[in-house]
Every structure is written in structure tokens, then in C-alpha cells.
Amino acid sequence: MLKRDDNLKLTQTGPGTPMGDLFRYFWIPALLSAELPEPDCPPKRLDILGEPLLAFKDSNNQVGIIDRRCPHRGADLYYGRNEECGIRCVYHGWKFDINGNCVDLPTAPKDSNFKEKIRVTAYPTQELAGFIWIYMGPRKNKLPEIPKQEFTLLPSSHVFISKKWQECNWAQSLEGGIDTAHLSFLHMPAPIHNKENITTNVVSGAALSDQDGDNRIRWVRDDPCPKFTVLQHPAGLLLGAARRADNEDIYWRTTQYLMPNYAYAPNAFPGETQHGQCWVPIDDTSCWIFCYSWNPDRALTAEEREKFTKGFSIHAEVDTEFLPLRRQSNDYLMNRNDQKINTYTGIQGVSEQDAAIQNSQGPIVDRSREHLGQTDVGIIEFRKLILSAADKLHSGQAPCNAVADDFAVQCGGAVAHKDISLEEVMKQRFDHATGYVGSRYGLTGTNN
Ligand code: FES
Ligand SMILES: [Fe+2]
């Protein structure tokens, strides 16, 4: 459990809050590049960390993200006209460029210098790996680099990205991402009388894909009490969940939590595709989740892209505004009959199953009422790390020692003898005790 004050500190990211300041210390994904496909295209309304913003692409193909409120009398620039290198407020015609300068102010006399005194807040942006990133922090010093997660280092042929809306606070949804104990229920086939039939029931929405072996399903189903080992590294935490496998073996599922708002899925065996997510608060009770799947060794196939687009693993089936088709307002189209005979939830899609249960905790879960146990160790360590990082920043220190290169990590599944430590399992799989793979890309992380 958390004290109420800590719960507020963890969950509030608006301007001037400790966690809001921590988020603003890093570059964060703001939208997909595909949402602004060409110069002077329609702008996108965007709320991030409780700030009302507008993203637009100007006539020179440059992206700007500015405060959405017109500094004249507060009209919403979303209704503005994107024209000749600026967005013009359609109330009285004030016009702003991507850097926030007022470039036309027709309501002032021609000889007035009023225009020079008017600005809107504009944040630095970069396009990388299919995302438009934003930096909302102080600009006294040199800007940081975008974290070099592996998917940002690969050709686009090897990566698939998507975006989905979630109706709860960012932190409880991220905690769902690092809570790998829940696989034994939330994403499992429903138990039926004849257990031998179990794999034939992995149809709609079970987490373990057709590329997973039946063994993995059985090990997860049969051991709902994985033992957690948590290892800290410069960019975050490696969380290992150990379940009994066959004979003397352990089935490890390892997850990465990366500062401040990323988590990777624990499934991938060697050669399989990795999956990661990034939680970006819209406000304190909703967030965007940016999702990415990447295969370090090969291009993704057209069939894989089609499968992800239709909703698979972390990717939800969404509408044109990135709202999941199965969401709280329609009870995720839950099917009680399916719940009896097919999946635990009766909800189609791993992403939708996660969203349903995370949203069901409430817009901001009250962590002072929890009863945490040993399968929650990873969540406890995540909270400790991020709260202490926010405190450090508040007291004028760097919140973490990571450099951008430190974020090039992998994780996934492995089977090993029960006497082998997590560090050794990781070394055998990734040549590194906490999954650092940056050296494959010529990077030099501090933990190399
Ligand atoms: S409110 Fe925007 S120009 Fe007047
Ligand atoms: Fe899940």
C-alpha cells in the first residue's frame, strides 16, 4: 500500500507537481507521425500532462506543438486555419508559427509593436521511429536525448507502432504492464472440465500467441504464484518472474521497466518479436498508450502487421481517433458465454482485457487500501524508484544517472535450471545481466 500523499505524488502529473516535473525531464511521445501526414494538414488537438496543446505541420513540413489557447482572448486554436507557415486563430486573426512567435496581429495598428510582445508556449519536437516526441521541461541547459530504446535504432521495416486511449491514471495502467503475475488468470483460457483440452480453447484473446508453445501456457496456468527477482539498472528495473516448469526447470518471464513511463512485455523467446508500451498522461484520469513491436533480427511480415492492426498482444483494436472499439462504455463487449467456456474474462483481446481490469480499479486507484503480496514485489520496487526519482529532482538532483544509450535493452522468456540465477539466465540469453543490448548497435551505456 501507499500513503495517500504518495499516491497523489505518484499519480498527479500536471504543471508544478513532482511527478509532472519528472515526466518533463524526459522526451515523451506525443502523437504518431502519421497523424500529421503532410504540410498544412489539419492540426491535432492534444492534451499532455494536463496541458491543452495543438500539434500542426507547417508549410515547410516542420512540426510545432503549442499551447492551444489563443493569448488574445483564449479561443481554441484547434479551430484555427493552418496556412503559410503558421496557425491563424479564426476569431480575430492572430497567427502563430511553430516556435510560438506571433507572426501576424491584424487587430493592432500597422505601426504598433504589440505583435513582438505576444507569444504562445511552444515545445521542442522531434520525429523518430514513427512518433513525434515532445520535450516539455525547462530549457536552461542543453536538451536531453530521446532514450535509445531498441525500436528507435531499427529500420521501420522491423517495427510496428500503434496508439490507444486508456480511461484511468497512467500509473495503474503501467503497473498492469509490469505485473506479470496476472497472466495466470487475466489472459488465460478458462478452466474447463477436461484440462487436456486446454490448448484447443486458446481462441479469442488469450495472451499466449500461436507462436507460443503449449508448455508455456501450461506452466503459467499451473503456477499462479511466480517468485519475483528485481534488478536495478541505470535506466530502470529488470523484473524476473520465475514459475515452476518441468523437472528441475524454471520458466522465467522477464520485463523491463524504463524511466519514467515505459514497460516491455515478458513473452518473447529468442527470435520472437519484442513488445513495449509507453504511458503518456493526458490528465490524471486518462492516458495515451503508445505501443511498439519490433523484431531485432528481421522485418515484420505483412501478415504480422495486419494482425497487430486488428488488435493483438499489446495492440488494441481502435477507431480512427485511437479509442479502443471494446472499452468501458460498452463493457468491452464482454461475452458471458465466452467467459464460461473460453477465456477467463469473456473479453476479446489481450490489450482490452488489460484495459478492462485496469480501468475497473477506478480512475485513480486508492493504493492506501491495497494488500500487496510477494507477487507484487515488482510494483513495489517501481513505486519506490519513481517516487525517489521525483524527490531527487525536487531537491535539485538528477533523478537518475541514465544516459540515452542505457535504454537499449531487451527482455523475454527463458527456461533454465532452478539453481541458475536471474543474472545468469539473462547473460545466457542477452550477454548481459540486465538485458543491455546497446553494444550491438555501437552504443556505450553506463552499465555496459
Ligand atoms: S481570441 Fe484568438 S485572435 Fe482573438
Ligand atoms: Fe496483461
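Scope of this entry: the structure provided in the associated data block. (Residues numbered from 1 in each chain as written. Chains lettered and ligands numbered in written order. Predicted model: local features only at pLDDT ≥ 70, side-chain atom pairs only at ≥ 80, totals over all residues. Heavy atoms only, no water.)

Glancing now at the sheet that holds strand β6 (residues 87–88). The antiparallel open sheet is built from 4 strands, whose spatial order is β5-β6-β7-β8. Two strands lie at the open edges of the sheet, namely β5 (81–82) and β8 (102–104), each paired on one side alone. Across 2 bridges, the pairing between strand β7 (residues 95–96) and β8 is antiparallel. Paired with K95 across the bridge in β8 is D104. (Pairing = 2+ DSSP bridges. Helix = DSSP H or I, 4+ residues; strand = E, 2+ residues; numbered from the N terminus.)

Looking at the element boundaries, A75 is found in the loop between β4 (63–67) and β5. Taking the C-alpha atoms as reference points, A75 and T125, separated by 50 residues in sequence, lie 24 Å from one another. If we ignore the near neighbours within four places in the chain, the residues touching A75 are R68, R69, C70, C89 and Y91. (Contact = heavy atoms within 4.5 Å.)

Another point: the packing of aromatic side chains. Here the distance between the centres and the angle between the planes together describe a pair of aromatic rings. Taken as a whole and judged by the stated rule, the model has 21 aromatic pairs. Here the aromatic rings of W27 and Y135 are separated by 5.7 Å at their centres, their planes lie at 45°, and the arrangement is tilted. In this pair, W27 is assigned in strand β1 (residues 27–32) and Y135 in strand β11 (residues 131–135), connecting sequence segments 108 residues apart. For the residue pair W27 and Y135, the accessibility class agrees, reading buried in each case. When the ring of F131 is compared with that of F290, the centres are 5.4 Å apart and the planes differ by 75°; the resulting orientation is edge-to-face. (Phe/Tyr/Trp six-rings, centres within 6.5 Å; stacked < 30°, edge-to-face > 60°. Buried < 20%, exposed > 50% of the residue type's maximum accessible area, 1.4 Å probe, protein only.)

Coordination of the iron ion (ligand 2) by the protein is provided by H182 (NE2), H187 (NE2), D354 (OD) and D354 (OD), with metal-donor distances spanning 2.1 to 2.7 Å. Around the iron ion (ligand 2) sit 4 donor atoms, and with donor-metal-donor angles ranging over 53 to 149° the site reads as irregular. Of note, the iron ion (ligand 2) draws all its donor residues from one chain, in the sequence arrangement H-x4-H-x166-D. With H182 in the loop between α3 (170–178) and α4 (214–222) and D354 in helix α7 (residues 350–359), this residue pair connects regions lying 172 residues apart in the sequence. (Donors = N, O, S within 2.8 Å, 3.2 Å for Na, K, Ca; no water. Tetrahedral: all angles 85-135°; square planar, octahedral: opposite > 155°, others 65-115°.)

This part covers the pairing of strand β2 (residues 44–48). Only one face of β2 is covered, namely the face carrying K44, L46 and I48; the face carrying R45 and D47 is uncovered. Hairpin geometry of β2 and strand β3 (residues 51–57) is characterised by an intervening segment of 2 residues between the two adjacent antiparallel strands and by a positive phi of about 50° at L49.

What the rule picks out here adds up to 29 salt bridges. Salt-bridge contacts for E35 lead to K163; the nearest nitrogen and oxygen are separated by 2.9 Å. Of this pair, E35 sits in the loop between β1 and β2 while K163 sits in strand β12 (residues 159–166); the two residues are 128 residues apart in sequence, bridging distant segments of the chain. Neither residue differs from the other here; E35 and K163 are each classed as buried. Between D76 and R68 there is a salt bridge; the shortest N-O distance is 3.4 Å. Residue class for D76 comes out partly exposed when judged on its relative accessible area of 26%. Given the relative accessible area of 10%, R68 is considered buried. Each of the salt bridges in this network shares a partner with another, and the network as a whole consists of R81, E83, R88, K95 and D104. (Salt bridge = Lys/Arg side-chain N within 4 Å of Asp/Glu carboxyl O.)

It is worth spelling out empty space enclosed by the protein at this point. Tallying each qualifying case throughout the model produces 4 cavities of 30 Å³ or more. Reported here for the largest cavity is a volume of approximately 350 Å³. With 5 residues, the top contributor of residues to the lining of the largest cavity is α7. Of the residues in the lining of the largest cavity, the class split is 11 nonpolar, 13 polar and 4 charged. (1 Å grid on protein atoms, 1.4 Å probe; cavity = no way out; pocket = protein on both sides within 12 Å on 5 of 7 lines; lining within 4 Å. Points joined across faces, edges and corners; volume = space filled by probe spheres on them. Nonpolar A, V, L, I, M, F, W, Y, C, P; charged D, E, K, R; others polar.)

This part takes up the layout of surface pockets. Roughly 560 Å³ of internal volume is contained in the largest pocket. Lining the largest pocket are 21 residues, with Y25, Y135, K142, L143 and P144 positioned closest to its centre. When the residues that make up the lining of the largest pocket are grouped by side-chain class, the tally is 14 nonpolar, 1 polar and 6 charged.

A word on the sheet that holds β11. Here we have 3 strands laid out as an open sheet, ordered β1-β11-β10, and antiparallel in their pairing. The outermost strands of the open sheet, each flanked by one partner alone, are β1 and β10 (125–128). Strand-to-strand, the axes of this sheet are offset by a mean angle of 35°, without reference to chain direction. Note: β10 against β11, 4 bridges, orientation antiparallel. When the bridges of β11 are listed, E127 appears paired with I132. (Axes fitted to C-alpha atoms, helices over the stretch in contact; angles between N-to-C directions.)

With that out of the way, let us pick up the nonpolar core. Of all hydrophobic cores here, the largest spans 83 residues; its most connected members are I48, I65, W170 and Y257. If you count residues domain by domain, this core takes at least three from each of domain 1 (27–135) and domain 2 (150–441). Ignoring sequence-local partners within four residues, the contact set of W170 consists of L10, T11, T13, M19, F23, P260, N261, W279, P281, C287, F382 and I386. L54, I66, I118 and A122 belong to the second-largest nonpolar core, a separate cluster that totals 17 residues. (Core = buried A, V, L, I, M, F, W, Y, C linked by side-chain atoms within 4.5 Å. Domains from an automatic or database assignment.)

Without other data, these values stay purely geometric and don't point to any function.
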